[in-house]
Amino acid sequence: MPELPEVETVRRGLAPVLVGSRVASLEARRPDLRFPLPERFAERVAGQTVIGLERRAKYLIASLSNGEDLVMHLGMTGRFTIVHDGTADTPGQYAHGAAPDPAHDHVVLHLKGGTRVIYNDPRRFGFMVMMARTERLQHPLFRELGAEPLGEELTADYLASKAKSRKVNLKAFLMDQHVVAGLGNIYVSEALFQAGLSPNRSAKTLANRRGVPTEGAIKLVPAIRDVLERAIEAGGSTLRDYRHADGKRGAFQERFGVYDRAGSPCQTPGCGGEIRRVVHSGRATFYCPRCQR
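Residues numbered from 1 in each chain as written. Predicted model: local features only at pLDDT ≥ 70, side-chain atom pairs only at ≥ 80, totals over all residues. Heavy atoms only, no water.

> Would you mind going over the overall build of the protein with me for this structure?
Scanning the protein from N- to C-terminus turns up six helices and 13 strands. The principal-axis extents of the C-alpha atoms in the protein amount to approximately 60 × 40 × 30 Å. Residues counted as buried form 54% of the 293 residues belonging to the protein. For the protein, long-range pairs separated by at least 24 residues make up 64% of all intrachain contacts whose partners lie at least 6 apart in sequence. Charged side chains of the protein number 42 positive and 32 negative; the gap between the two group centres comes to 7 Å. (Helix = DSSP H or I, 4+ residues; strand = E, 2+ residues; numbered from the N terminus. Buried < 20%, exposed > 50% of the residue type's maximum accessible area, 1.4 Å probe, protein only. Contact = heavy atoms within 4.5 Å. Lys, Arg positive; Asp, Glu negative; His and termini not counted. Charge placed at Lys NZ, Arg CZ, Asp CG, Glu CD.)

Below is the structure:
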């Protein structure tokens, strides 16, 4: 499933086309994706101008001029294709090694001027919902989300306040969307490696008895940000052929420090350790037992 950097790559590819554009019409070619499409979907979107395109966690949020938000989740195989003057571009193509099959083009935004934005999703694990913008923060999708990992609220103090007295391991703690929103399996492993923290360490070690951030919490925040920012710059990670807006493979997987490198030597100079694979909550975790403590 695309993680935060991949979704951000999609957002950046779509924003220049969508923001400021008026939707001439919306075409829904089936009644549902993972969930039923919004009631009166075409009627509510047609004629509106897209005034903003945000990302919150792994959600894309198109703000419409009528005060509603169109919230979109890519699921496992969702992707957007921009068609203009006979050319097609797919921002952040999570493509499974194949060109999109038109049989799975489920939602089409026809923009004023002739550009089409097509949502294709073979497995239909993605979804689209609409809500009043004033109610977004209280909507079930958003009201319990934790700090945005690239936002100002993610601080060492914040992590310490969430981690105090928590006995769960660090990997599970950081994967908890109530703690950090949108941080997924690949980038948790990479951030812990960069911070030199073992995924097996108890989360409560991020705070002392008085709730003050420990050195681990102080190191972890910039590590999370740096890993995500470098992944976004590289266009995401190519797992099952995730591709950047220009069709090139996402390059960040070539820079993995630990992820999917079990049995390989640690890349930390002078370490001499070997990357190990363990399982936390059913998900593979990769780390160096020698330099991650």
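> What is the right way to read the nonpolar core from this model?
Burial of nonpolar side chains together is a common tendency in soluble globular proteins. Counting residues in hydrophobic clusters, the biggest one holds 41 residues, and the most contacted among them are Leu159, Phe173, Leu174, Leu206 and Leu220. Among the secondary structure elements, those contributing two or more residues to this core are helix H3 (156-163), helix H4 (170-175), helix H5 (185-195), helix H6 (215-234) and strand S13 (283-287). Top element by residues in this core is H6. It accounts for nine residues. Grouped together as the second largest cluster of nonpolar side chains are 28 residues, Val45, Leu60, Ala62 and Ile82 included. (Core = buried A, V, L, I, M, F, W, Y, C linked by side-chain atoms within 4.5 Å.)

> Would you explain the sheet that holds strand S2 (residues 50-56) in this entry?
Picture the strands of a sheet paired through backbone hydrogen bonds; they go either parallel or antiparallel. Spatial strand order, S2-S3-S4-S10: four strands in an open sheet with antiparallel pairing. At either end of the open sheet lies a strand with only one pairing partner, and these are S2 and strand S10 (127-132). Adjacent strand axes in the sheet meet at a mean angle of 20°, parallel and antiparallel pairs treated alike. With five bridges connecting them, strand S3 (residues 59-64) and strand S4 (residues 68-73) associate as antiparallel partners. (Pairing = 2+ DSSP bridges. Axes fitted to C-alpha atoms, helices over the stretch in contact; angles between N-to-C directions.)

> Is there a simple way to explain the environment of Gly257 in this structure?
Looking at the element boundaries, Gly257 is found in the loop between strand S11 (242-243) and strand S12 (276-280). Each C-alpha atom of the pair Gly257 and Tyr287 lies 8.6 Å from the other, and the pair is 30 residues apart in sequence. Sequence-distant contacts of Gly257, that is, excluding residues within four places in its chain, are made with Glu190, Phe193, Gln267 and Ile275.

> What am I meant to see in unusual backbone geometry here?
Among all residues save glycine, negative phi is the norm, and among peptide bonds the norm is trans. Positive phi outside glycine occurs at Arg124, with the angle close to 55°. Structurally, the position occupied by Arg124 is in the loop between strand S9 (116-120) and S10. Look at Arg124 and you get partly exposed, because its relative accessible area is 30%. In the Ramachandran plot, Ser281 falls in the positive-phi region, its phi being about 50° despite a non-glycine side chain. With respect to the element layout, Ser281 can be found in the loop between S12 and S13. When its relative accessible area of 70% is taken as the criterion, Ser281 is described as exposed.

> Mind showing me how you'd approach the packing of H5 against H6 here?
The packing of two helices is summarised by the inter-axis angle and the distance between the axes. Orientation of H5 relative to H6, taken along the N-to-C sense of each, is 130°, at an axis distance of 8 Å. With respect to each other, H5 and H6 are oriented oblique. Here H5 runs over H6; the crossing is right-handed. Between H5 and H6, the contacting residues are Tyr187, Glu190, Ala191, Leu192, Gln194 and Ala195 on the first element and Lys219, Leu220, Ala223, Ile224, Asp226, Val227, Leu228, Arg230 and Ala231 on the second. Across the contact of H5 with H6, the residue classes tally to 10 nonpolar, one polar and four charged. (Parallel < 35°, antiparallel > 145°, perpendicular 65-115°, else oblique. Left-handed = near helix turned anticlockwise from the far one by under 90°. Nonpolar A, V, L, I, M, F, W, Y, C, P; charged D, E, K, R; others polar.)

Purely geometric stuff here, so don't read any function into it on its own.
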